[in-house]
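# Chains, contacts and geometry: an overview
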Amino acid sequence: MNFPTSLRTLFSRVFHSSDLDRGVEEELRSHIQHRADDLERSGLSHAEAERRARIEFGGYVRFKEESHRALGSQLFETLWQDVRFSCRKLRQSPGFAIAAVLTLAMAIGANAVVFGMLNALFLRPLNVPQPESLYSIERGPDKEANQSYPDYLDLRDRNRTFDGVALYNIVSAGLDTGHNATQFWGYEVSGNYFDALRIQPFLGRFFHDADEHGPNSAPYLVISHAYWHSRFQDDPSVVGRIVQVNQHPFTILGVAPSEFHGTLLFFFPDFWLPVVDHEQLTGMNILTARGDRNFIMTMGHLKPGVTTAQAIADLNSVGAWLEKTYPKDDAGMTFALARPSLAGDLLGPPARGFITALMLLAGLILLAACANLGSLFAARAADRSREVALRLALGSSRKRILRSVLTEAVMISLAGGGVGLAGSVALLRAMSTWHPIPTYPIVIPVNPDANVYWVALLLALVSGFLFGMVPVRQVLRTNPYEIVKAGSSSILVGNSGRRITVRDLLLVAQISICAVLVTSSLVAVRGLLQSMHSNFGFEPANAMVLDTNLTMAGYSGERATEIQKRMKDAVAAIPGVDSVGVVNQVPLSGSFGSRDVYRDETTDFRPSNVAADVMTFRISPDYFRAAGTSLLTGRDFTWHDDQNSTRVAVINREFAIRMFGSSANTIGKHFKLGDGTRVEVVGMTEDGKYYQLTEDLRPALFLPMVQWPTSATSLIVRSGREAQPLAAAIRLTLRRLDAGLPFEIRTWQDDLGVALFPSRMATMSLGVLGAMGTMLAITGIFGMAAYSVSKRLRELGIRIALGAQRKEVLQAALGRPLKLLALGSAAGLLLGLLATRVLAYIVYQANPRDPLVLGGVVVTMLLMGLVATWIPAQRALSVDPLILLREE
Amino acid sequence: MADQTQLLPGTLDLLILKAVSLGPLHGYGVLLRIGQISGSALLIEQGALYPALFRLVRQGLLKADWGISENNRRAKFYELTAAGRKRFLEETHQWNRLASVMATVLAAQPEEI
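Along each chain, residue indices are assigned from 1 in the same order as the chain's sequence is written. Lettering of chains starts at A and numbering of ligands starts at 1, both following the order in which they are written. Reporting of local features is limited, given that this is a predicted model, to residues whose pLDDT is at least 70; pairs of side-chain atoms are given and counted only at 80 or more, and all residues count toward the totals for whole chains, interfaces and linings.

Okay, the overall build of chain A next. The secondary structure listing takes helices from DSSP runs of H or I that are at least 4 residues long and strands from runs of E that are at least 2 residues long, numbered from the N terminus. Helix and strand counts for chain A stand at 29 helices and 21 strands. To sort residues by burial, count the other C-beta atoms lying within 10 Å of each one's C-beta; a count of 20 or more means buried, 12 or fewer means exposed, and anything in between means partly exposed. C-beta atoms are built from the backbone. In chain A, which comprises 888 residues, the proportion classed as buried is 45%. Residue pairs qualify as contacts under a 7 Å threshold applied to their C-beta atoms, which are placed from the backbone. Excluding contacts between residues fewer than 6 apart, the proportion of contacts in chain A whose partners are at least 24 apart in sequence is 81%.

The next subject is the overall build of chain B. When you go through chain B residue by residue, the secondary structure sums to four helices and five strands. Along chain B, helices and strands appear, N-terminal first, in the series β-α-β-α-β-α-β-β-α. Looking at the 113 residues of chain B, the share that counts as buried comes to 27%. Taking as baseline every contact in chain B between residues at least 6 positions apart, the subset at least 24 positions apart corresponds to 51%.

Let us look at the interface of chain B and chain A. Each partner contributes residues to the interface: chain B has 17 residues there, and chain A has 19 residues. Ranked by residue count, the leading element in the side of chain B that touches chain A is helix α3 (residues 49-58) of chain B, at five residues. In this classification, the charged set is Asp, Glu, Lys and Arg, the nonpolar set is Ala, Val, Leu, Ile, Met, Phe, Trp, Tyr, Cys and Pro, and all remaining amino acids, among them Gly, are polar. Along the lines of polarity and charge, the residues of the side of chain B that touches chain A split into six nonpolar, five polar and six charged.

Take the pairing of strand β5 (residues 74-80) of chain B next. All names here are of chain B. Pairing between strand β2 (residues 25-26) and β5: two bridges, direction antiparallel. Note on β5: the bridge partner recorded for Leu-25 is Tyr-78. A pair of strands counts as paired when DSSP detects no fewer than two bridges linking them. Bridge analysis of strand β4 (residues 62-68) against β5 gives seven bridges, and the strand direction is antiparallel. The residue bridging Leu-62 from the neighbouring strand is Leu-80, located in β5.

Further remarks concern the environment of Ile-781 of chain A. Residues and elements named next belong to chain A. Here Ile-781 shows up in helix α24 (residues 753-791). When the 28 C-beta atoms within 10 Å are taken as the criterion, Ile-781 is described as buried. Between the C-alpha atoms of Ile-781 and Thr-869, which are 88 residues apart in sequence, the distance is 7.1 Å. Not counting chain neighbours up to four residues away, the residues in contact with Ile-781 comprise Pro-817, Leu-821, Gly-865, Ala-868 and Thr-869.

Our next topic: the packing of helix α5 (residues 94-123) of chain A against α24 of chain A. Residue and element names in this part refer to chain A. The axes used here are C-alpha line fits, helices contributing only the stretch in contact, and every angle between their N-to-C directions lies in the interval 0 to 180 degrees. One can describe the packing of α5 onto α24 by two numbers: an axis separation of 11 Å at closest approach and a directional angle of 155°. Overall, the two elements α5 and α24 adopt an arrangement that is roughly antiparallel. The way α5 lies across α24 gives a crossing that is left-handed. Side by side, α5 and α24 meet where Ala-99, Thr-103, Met-106 and Ala-110 of the first sit next to Leu-769, Met-772, Leu-776 and Thr-779 of the second. Class assignment of the residues belonging to the contact of α5 with α24 gives a composition of six nonpolar, two polar and no charged. Here roughly perpendicular refers to angles of 65 to 115 degrees, roughly parallel to angles under 35, roughly antiparallel to angles over 145, and oblique to all remaining angles. Rotating anticlockwise by less than a right angle from the far helix to the near helix defines a left-handed crossing, while the corresponding clockwise rotation defines a right-handed one.

This next bit is on the nonpolar core. In summary, soluble globular proteins display a tendency toward joint burial of nonpolar side chains. All names here are of chain A. One finds Ala-166, Leu-221, Val-222, Ala-649, Leu-701, Ile-716 and Val-717 to be the most contacted residues of the largest nonpolar core, which totals 119 residues. Looking at this core element by element, the count peaks at eight residues for strand β2 (residues 162-176). For the domain bounds, the source is a domain assignment made automatically or taken from a database. Two domains each donate at least three residues to this core, and these are domain 3 (131-338) and domain 5 (543-753). Setting aside anything within four residues of it in sequence, one finds Ala-166 in contact with Val-189, Ser-190, Asn-192, Tyr-193, Ala-196, Leu-197, Thr-298, Met-299 and Gly-300. To form a nonpolar core, buried Ala, Val, Leu, Ile, Met, Phe, Trp, Tyr and Cys residues must be joined through C-beta atoms within 7 Å.

Glancing now at the pairing of strand β1 (residues 134-139) of chain A. Residues and elements named next belong to chain A. Counted residue by residue, β1 has six buried out of six residues, so it is predominantly covered. Residues Leu-134, Ser-136 and Glu-138 of β1 are buried on one face, and the alternating residues Tyr-135, Ile-137 and Arg-139, pointing to the opposite face, are buried as well. Judged from the four bridges that link them, β1 and strand β9 (residues 297-302) form a sheet pairing that is antiparallel. By the bridge assignment for β9, Ser-136 is matched with Met-299. Here β1 pairs with strand β10 (residues 335-338) via four bridges, running antiparallel. Its bridge partner being in β10, Glu-138 is matched across the sheet by Ala-336.

This paragraph deals with the sheet that holds β5 of chain B. Residue and element names in this part refer to chain B. Spatial ordering of the open sheet is given by β2-β5-β4, a layout of three strands whose pairing is antiparallel. Edge positions in the sheet fall to β2 and β4, since each of these pairs with one other strand and no more. Its contacts with the sheet place helix α1 (residues 11-21) against β2, β4 and β5, and it is angled at close to 95° to β5.

A negative phi angle is the norm for most residues apart from glycine, just as the trans form is the norm for most peptide bonds. Residue and element names in this part refer to chain A. One non-glycine residue, Gln-247, lies in positive phi territory at about 70°. Within the fold, Gln-247 resides in the loop between β6 (242-245) and β7 (248-255). The phi torsion at Leu-588 lies on the positive side, around 60°, for a residue other than glycine. Relative to the elements of secondary structure, Leu-588 occurs in the loop between β12 (577-583) and β13 (594-599). With 24 C-beta atoms counted inside 10 Å, the residue Leu-588 sits in the buried group.

Residues and elements named next belong to chain A. Here α5 crosses helix α11 (residues 348-383) at 165°, and the two axes come no closer than 9 Å. As summarised for this structure, α5 and α11 are arranged roughly antiparallel, according to the angle between their axes. For α5 against α11, the interelement crossing comes out left-handed.

This part takes up the confidence of the model for chain B. Residues and elements named next belong to chain B. Confidence scores labelled pLDDT are given residue by residue by the predictor and lie between 0 and 100. The pLDDT averaged across chain B works out to 86; a share of 96% of its residues lies at or above 70. Ranking the elements of chain B by mean pLDDT puts strand β1 (residues 5-6) last, at 74, and helix α4 (residues 82-107) first, at 91. This complex was scored by the predictor with a pTM of 0.69 and an ipTM of 0.88.

All right, on to the environment of His-213 of chain A then. Residue and element names in this part refer to chain A. Tracing the backbone through its elements, the reader meets His-213 in the loop between β4 (203-204) and β5 (220-223). For His-213, a count of 10 C-beta atoms within 10 Å gives the class exposed. Remark: the alpha-carbon pair of His-213 and Val-276, spanning 63 residues in sequence, is separated by 8.3 Å.

What follows is about the confidence of the model for chain A. Residue and element names in this part refer to chain A. Mean pLDDT over chain A works out to 83, with 92% of the residues at or above the 70 mark. Low pLDDT, under 50, characterises residues 11-16; the predicted model gives this stretch three contacts beyond four residues in sequence or across chains. Low confidence marks residues 488-497, where pLDDT is under 50. Its contacts with residues over four positions away, or in another chain, come to twelve contacts.

Now the structure itself:
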């Protein structure tokens, strides 16, 4: 049968199938009628003639089917037959079918989810025109994306390879449209941002380079489509409206198109406004400070025909010029290019490592599922050996039988793939609408697309063939005479009782994969627990955090300090509040403010003379008490540490060690800040975690707010009271103080969500994969144990009749599965230990050599064995020899 | 019926080609014609005729058209194509050679060896 003909016939069958069918049928009928006519003419009655004609014709249905096949519809016809046959077979054993489909659905689903993430985060470019030529510019050996504004201007104007270089930074602001002020998040961007990205407005217009004329000169606002929808109810008259942003009038110029979500994959801004308005927005002027690298990213499209190497060389020549011209501020100005979507090399490599490791583990799950199904299919083939033998004896070809086995496998894999895909699509969609961190508009945009569907289909087909191939050898070696003679399939099982079979190997492989997964998830859980209970250098329990920025209500400078003091006093007066402290950035909340410090003897403040880059916090008196940070020596600040007195600081122990060489006798020592200010150390605190849970010991510096005014304000409120009523009381108190100030309150534990997010994600994903692996291993062992018990019921019956004890019966029935379990677990544990490297991508301080983890794995595997063999063991023990012997 | 001979595998196609070579026929007609020429000596299962007919059509040896039979019923009439005629001659030739060789072999007497 040649393929094109079959294909043609298939098409004609699909479109004219009933025609063709009717044609054959009519012809056969016509034959019978002609015969009946003849018989009637020879003297039979009409009815008798028709009856005889039908009998003489022979098997009507059989000939009709043979005719169809003769007409050339063989390939698809037999395929269709195979499909129907498999359906019938599967309907006969629904338990098997459901178990197989679910197993595969889980494995394919897991793979589709992980691939969906991989696809969305790494394969799919940003939703901007010509994303392939868009690069972000990274600086120095550490590939940092942040730049200072003056450096940006030079990069923008002096390069010759970019078609416009844009800059953006994430900011939050208070928006007042007439009624209550709310906080919203967006980007402050360079004037050429939309032009450089080649984005067109959905409504109104965007601002351009020409709209900027120096600081605070461009009071324009562009809002996102989503924000336009949620805040302004799609009102087109919003264009041209004047609104208050941080108490400054801004004109809404336009609305961005709905598919444009800014230039970070996971952060959807509500608005864009010109970066030249930075001072109005934040109360600080850093647009002229070349050393303040505060702007998250610069990026641009390469000009047509420019290679990345040319662009890097071009940028480096600008960098060399910068170093020569501004030696005080600019050092290490070499550049690299990265994809902007994941903040370049800041998040790209770790996220890629994480997803790759997950993909590997998900692949293992799929392999385990295939091994599981493979052994199920092998068992099924062994059970069907009698049927296979009969079919062979009756003249069916081995090819045909194999094809029906494979059809069954592929059908199961497609069904499993379908169910798994549906589940994963639902999960991915849910993830896309999820806001994992309530404080920030962070999203995980992993909506599935055609790529995901294709990969799931491909995986389903491949795994179908993979586990469908397992029983092939068995079918090929089937000897019909032996089996029909023996009268039952006991021969196969009897033989395999001694040798190592493919099924044994599959089970061991599967159990070891499971052990690897269990090891990894336990390592992850332990890592998470450890990081949650490690010493943060503050006490998040029984504390609330209130976040605001005073510029949103128009306070800055000394007025900010004044209102901070009043806020602190007012909240401290609430009954049940133990202590209140103010800080400009809460540690571990995702903010990162650091500055360079110099030794006391330094006079030349160039980058190479920096003693340390330290996390810097501006705090009020009582902050340490409210935060639960213990002061090792010295004193806390007081309100008297003001502009008129000596500049003072509290440092942490690591700062002391880095700056002064030891943590002893630090009180009274001095160091210098970048502007030459000499600062005296008055206290030293314990070390803590400031930016990430995974960070190494980091020097930290605390400065009094009164000496270093700031409008970024977080109140730490320590109280034993319940969170909800306390939050309500705080809200009421602050409204009374200034009704125009937007703020957010939550418990400090919730606030830590940002810092714990990576470990939580890792633990969750590994936990899910580990649970899947465990389930697969349990079903695998259960299948094997149940099968071996059911096949050996007679033997067990005889053993019991001959007086075997329970222990001996169990040993006979379950010895083998348990031995395999032990073997597989040992192998898996070993592999898990070797996989530390992979785990290190996912989990901080991954250490599978931890005795608790090792013990946990052993206990889990033992429990699993117990669960999986419990029912088969009961069945083996309850064998009634009499009934069994009578049956034969 | 007892003196009817089972067909050798593969001979049905040749019989059909022969029957149709004598003039266009519908399926039942093919059966009648074979019975007529063979003196009803061959046992042909009636239904088995059709898969063979369809196969020959698909190989391009026969072509078929709906028409009205002598009984005034609708029936499909088969006739040889050019390829069919060529194949028929080849197969007849081959069959004759095989038959004569078989006859010679089977007629061999001990003294001839």
